[in-house]
Amino acid sequence: MNFLKFFSYFYYASSIGITIPTIFALWYIIPAFRERIKEWTVLTLSAPFSFFYLYLIYLQPVQIIKHDGFGYRLQLLAPWNRWLSIVQGIVTLIVFGMCFYGFRRYKYKFPRSQYLLFILGYVLTTIDGLCMLFNSVYPIEPFIFSEAFILIAILYAFATKPIKEKYSH
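Sequence order as written defines the numbering, with residues in each chain counted from 1. Selection of residues for local features in this predicted model requires a pLDDT of at least 70, selection of side-chain atom pairs for listing and counting requires 80 or more, and totals for whole chains, interfaces and linings are taken over all residues. Only hydrogens and water are set aside; all other atoms, that is, all heavy atoms of the structure, feed into the side-chain values.

1. Here we look at a nonpolar patch on the surface
On the surface, Met-1, Phe-3, Leu-4, Phe-6, Phe-7, Tyr-9, Phe-10 and Tyr-72 cluster together into a nonpolar patch covering about 900 Å² of accessible area. Broken down by element, the nonpolar patch gets its largest block of residues, four residues, from helix H1 (residues 2–7). Locating Tyr-72 in the fold gives a position in strand S2 (residues 72–76). Given a relative accessible area of 45%, Tyr-72 falls into the partly exposed group. For patch detection, residues must exceed 30% relative accessible area and be free of salt bridges, and they are connected within 9 Å for like charges or within 5 Å for nonpolar side chains (Val, Leu, Ile, Met, Phe, Trp, Tyr). The Shrake-Rupley method, run with a 1.4 Å probe sphere, supplies the accessible areas, and residue values consider only the shown protein chains as cover. Between Lys or Arg on one side and Asp or Glu on the other, a salt bridge is scored when a side-chain nitrogen of the former is within 4 Å of a carboxyl oxygen of the latter. We count a stretch as a helix when DSSP gives it H or I for four or more residues in a row; a strand needs E for two or more, and each element gets its number in order from the N terminus. Exposure classes here rest on a 1.4 Å probe applied to the protein chains alone. A residue is buried below 20% of its type maximum, exposed above 50%, and partly exposed in between.

2. Looking at unusual backbone geometry
Non-glycine residue Gln-60 carries a positive phi angle of around 55 degrees. Turning to its location among the elements, Gln-60 is positioned in the loop between helix H4 (39–59) and strand S1 (62–66). In this structure Gln-60 comes out as buried when scored by relative accessible area, which is 7%.

3. Here's the deal with the environment of Thr-19
Looking at the secondary structure, you find Thr-19 in helix H2 (residues 13–29). Overall, the relative accessible area of 2% leaves Thr-19 in the buried class. Among all residues touching Thr-19, those that are not within four sequence positions of it are Tyr-53, Gln-88, Val-91 and Tyr-122. The criterion used for residue contact is that any of the two residues' heavy atoms lie within 4.5 Å.

4. Things to note about H2
For H2, which comprises 17 residues, the first-to-last C-alpha distance of 25 Å matches the rise-based estimate of 24 Å (1.5 Å per residue) to within 8%. Close packing links the buried residues of H2 with helix H3 (31–36), H4, helix H5 (80–105), helix H6 (109–133) and helix H7 (144–158). Each helix should span, by expectation, one fewer than its residue count multiplied by 1.5 Å.

5. What about the pattern of salt bridges?
Under the definition given, this model contains one salt bridge. One salt bridge connects Glu-35 with Arg-34, and the closest N-O pair in it is separated by 3.7 Å. Note on Arg-34: relative accessible area 17%, which makes it buried.

6. Some thoughts on the side chain of Asp-128
Tracing the sequence through the fold places Asp-128 in helix H6. Residue classification places Asp-128 among the buried positions, given a relative accessible area of 19%. If near-sequence neighbours (up to four positions away) are discounted, Asp-128 is found in contact with Pro-142, Phe-143 and Ser-146.

7. Quick word on the packing of aromatic side chains
Put simply, two rings from Phe, Tyr or Trp (the six-membered ring, in Trp's case) pair if the centres are within 6.5 Å, and we call them stacked under 30 degrees between planes, edge-to-face over 60, tilted for the rest. Throughout the structure, instances matching the rule amount to nine aromatic pairs. Judged by centre distance (6.2 Å) and plane angle (80 degrees), the ring pair of Phe-24 and Trp-27 falls under edge-to-face. On the criterion of helical spacing, the pair formed by Phe-24 and Trp-27 is a turn pair, its members being three residues apart in helix H2. For the pair shown, Phe-24 and Trp-27 are each scored as buried. Of the aromatic side chains, those joined through ring pairs into one cluster are Phe-52, Tyr-53, Tyr-55, Trp-80 and Trp-83.

Below, the structure written as structure tokens:
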């Protein structure tokens, strides 16, 4: 159990590892944002989310429970599970808003495919979050596939050269 308690600090670190790079990736691939908003502004706007996640990681309000299938899992204690759901919901709404803005403004297929990957990844994350919030039965650990999908979307966004604002139509 001490081994599991030690590694519990890394369990919610993926929230930071996905949220902040997602916001910067969307800023990078949406030319209107990239050419008008500076990097430090984006970092300042995303700081409250980072502080919440760091505070969550520091406090570790989790309990180790025996998983129905195999092994153990961590479960957030109340009210942290609701607060994390609210923060993740706000991040998801921001991502959806940025993606729909880019999708509507830029008619090229390539950036639209990038926005679509983020939308699909965050839809999967929303489904996982709702299953976890309402204690629904899920066959595997939540967020494994959805976070992997978002990481692929981030890699796809940063692996390409972005378009310029003058090519918006």
